[in-house]
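Descriptive analysis of the structure
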Amino acid sequence: MRNFDLCVAYRVYPGICKPVFMFQNNKLKLAQFAFKSFVNALGKVKTKLYIILDTCPNEYKDTFLRIYPDAEIIEGVHLGNPGSFEMQMNLLLEQNFSDLVYFAEDDYFYLPDSIEISLDFYRKHKPHFLTLYYHPDYLNWEIHNISAPKGIAFENRFWQRIGSTTLTFLTSKKILDETKNVFLSFKKKNYDCSLWFSLTKTNIFKPAFYKLAFNPKRNWFYAKMIAKMWWFNAWQSLFGNEYSLYAPFPSLATHLERDSLAPNVRWNELFQYYQKLWKIE
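Below, the structure is looked at part by part. (Residues numbered from 1 in each chain as written. Predicted model: local features only at pLDDT ≥ 70, side-chain atom pairs only at ≥ 80, totals over all residues. Heavy atoms only, no water.)

**What about the environment of H255?**
Here is the rule we go by: Going along the chain from the N terminus, every DSSP run of H or I of four or more residues is numbered as a helix, and every run of E of two or more is numbered as a strand. We call a residue buried when its accessible area falls under 20% of the maximum for its residue type, exposed when it is over 50%, and partly exposed in between, using a 1.4 Å probe and counting protein chains only. The contact criterion used is simple: two residues touch if any of their non-hydrogen atoms lie within 4.5 Å. Side-chain atoms alone can form a polar contact between residues adjacent in sequence; in general such a contact is a pair of N or O atoms within 3.5 Å, and within protein one must be able to donate a hydrogen while the other accepts it.
Here H255 lies in strand β11 (residues 253-255). Look at H255 and you get buried, because its relative accessible area is 9%. When the C-alpha atoms of H255 and D106 are compared, they prove to be 9.4 Å apart, with 149 residues separating the residues in sequence. H255 has contacts with D107, Y108, Y133, S260 and L261, leaving out every residue within four places of it along the chain. Side-chain polar atoms of H255 contact the backbone nitrogen of E257, separated by 3.1 Å.

**Observations concerning the packing of aromatic side chains**
Quick note on the threshold: Each Phe, Tyr or Trp ring, with Trp reduced to its six-membered ring, pairs with another whose centre is within 6.5 Å; inter-plane angles below 30 degrees give stacked pairs, above 60 give edge-to-face pairs, and intermediate values give tilted ones.
Considering all chains together, one arrives at 44 aromatic pairs under this definition. Pairing F121 with Y246 gives two aromatic rings, centres 5.8 Å apart and planes at 55 degrees, and the pair type is tilted. Of this pair, F121 sits in helix α4 (residues 114-125) while Y246 sits in strand β10 (residues 245-249); the two residues are 125 residues apart in sequence, bridging distant segments of the chain. The burial state of F121 is the same as that of Y246; both residues are buried. With 5.0 Å between their ring centres and 85 degrees between their planes, F129 and W196 make a pair best called edge-to-face. Of this pair, F129 sits in strand β6 (residues 129-130) while W196 sits in helix α7 (residues 192-200), and the two are 67 residues apart along the sequence. With a relative accessible area of 0%, W196 lands in the buried category.

**Digging into the pattern of salt bridges**
Quick note on the threshold: Any Lys or Arg side-chain nitrogen located within 4 Å of an Asp or Glu carboxyl oxygen qualifies as a salt bridge.
Within this structure, the stated rule accounts for 10 salt bridges. We note a salt bridge from E75 to K61, for which the minimum N-O separation is 3.9 Å. Pair noted here: E75 is in strand β3 (residues 72-76) and K61 is in helix α2 (residues 58-67), with a separation of 14 residues, a long-range link. In this structure K61 comes out as partly exposed when scored by relative accessible area, which is 33%. Note that E86 and K187 form a salt bridge whose closest N and O atoms lie 2.8 Å from each other.

**Some words on the nonpolar core**
Put simply, the rule is: Side-chain atoms within 4.5 Å link the members of a nonpolar core, which is a set of buried Ala, Val, Leu, Ile, Met, Phe, Trp, Tyr and Cys residues.
Core analysis: the largest hydrophobic core is formed by 54 residues, its most contacted members being Y10, F38, I51 and Y110. Secondary-structure elements contributing two or more residues to this core are β1 (6-12), α1 (27-41), β2 (47-54), α2, β4 (100-105), β5 (108-110), α4 and α10 (267-277). Considering every element that reaches this core, the biggest residue donor is α1, with 8 residues. Ignoring any residue separated from it by four or fewer positions in sequence, one finds I51 in contact with Y10, V12, F35, F64, A71, E72, I73 and I74. One finds F97, F103, Y138 and Y243 within the second-largest nonpolar core, a separate group that totals 30 residues.

**Structural notes on helix α3 (residues 80-94)**
Keep this limit in mind: Expected span, for any helix, means 1.5 Å times one less than how many residues it has.
Given a rise of 1.5 Å per residue, 15 residues ought to cover 21 Å, and the 21 Å separating the end C-alpha atoms of α3 matches this to within 8%. Listing the buried residues of α3 in full gives G83, S84, F85, Q88, M89, L91, L92 and L93. Looking at the buried side of α3, the elements it contacts are β1, β2, β3, β4, β9 (169-172) and α6 (173-183).

**Topic: the side chain of S251**
Along the polypeptide, S251 turns up in the loop between β10 and β11. At a separation of 2.9 Å, a polar atom in the side chain of S251 contacts the main-chain amide nitrogen of Y134. The contact partners of S251, leaving out residues within four places of it in the chain, are L111, L132, Y133, Y134, R157, A262, V265 and W267.

**Brief notes about helix α9 (residues 221-239)**
To be explicit about the condition: Note on bend: at a given residue it equals the angle between the axes fitted to the 7 residues ending there and to the 7 starting there.
End to end, α9 covers 25 Å across 19 residues, agreeing with the expected 27 Å (1.5 Å per residue, within 8%). The largest bend along α9 reaches roughly 100 degrees and is located at N233. For α9, the complete set of buried residues consists of Y222, A223, M225, I226, K228, M229, N233, Q236 and S237. Residues of α9 that are buried in the fold lie against α6, α7 and α8 (207-213).

**As for the environment of N145**
Mapped onto the fold, N145 is located in the loop between α5 (137-140) and β7 (151-154). Here the alpha-carbon distance between N145 and T202, two residues 57 residues apart in the chain, equals 10.0 Å. Discounting residues that sit within four places of it in the chain, N145 has contacts with Y138 and L139. From its side chain, N145 meets the backbone oxygen of Y138 in a polar contact 3.3 Å long.

As structure tokens, then:
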């Protein structure tokens, strides 16, 4: 039955939690803009798409189905971030449409054909996990730069091996099944970066990792992130398999939070161009 290239679980929430680059007071337009870019990013990828609408007004369902009529809509009530993530996990593990699966959130902008490009990289180089989003933290947060960057040149980009990302990512159903308990620690209030460092083990056995984290001049988030990594996933951190995670530079996608745009891409010009093209005003 695996006759799709990719199975996607795309989750949508009608609120805006942090300042975003555009449509600050209209989540429906922000979600529409982001989803249009996602569909544009699929290129020729044959996709089975689930859309999880968490307590969304009726116009969300109508809007998403106009853009992608073949989507399967699943409506939930007050799932929250952990609950909708768990629903994504269950959908992607239980489906038999594709061996490759993608977790998507509703506030990312994608470059054209970027998912198709990423699937090409994934099939050729076979990482365990892949994100299309090169987070600014990879340049600005010292905990990522203890070791010199390593990566692979592919399609005019440097695909860097990294330690953590958000909860928007690509993997295989097999790897997801192996790591599901680590991911489900997010339901217990683990941080996304904490669970990722448990999986990738990037720098976690180097003293500098902890020296940076417990520098009193730094934000205590460093210390909390490390504490949660060990509290929730000590066994994985010590004895579990080491999993690879890659991100492209320049980025193929960006978070739409105002302070989290991926570096070295002229996003503002792209936003303006596609906003006019898609007539989302």
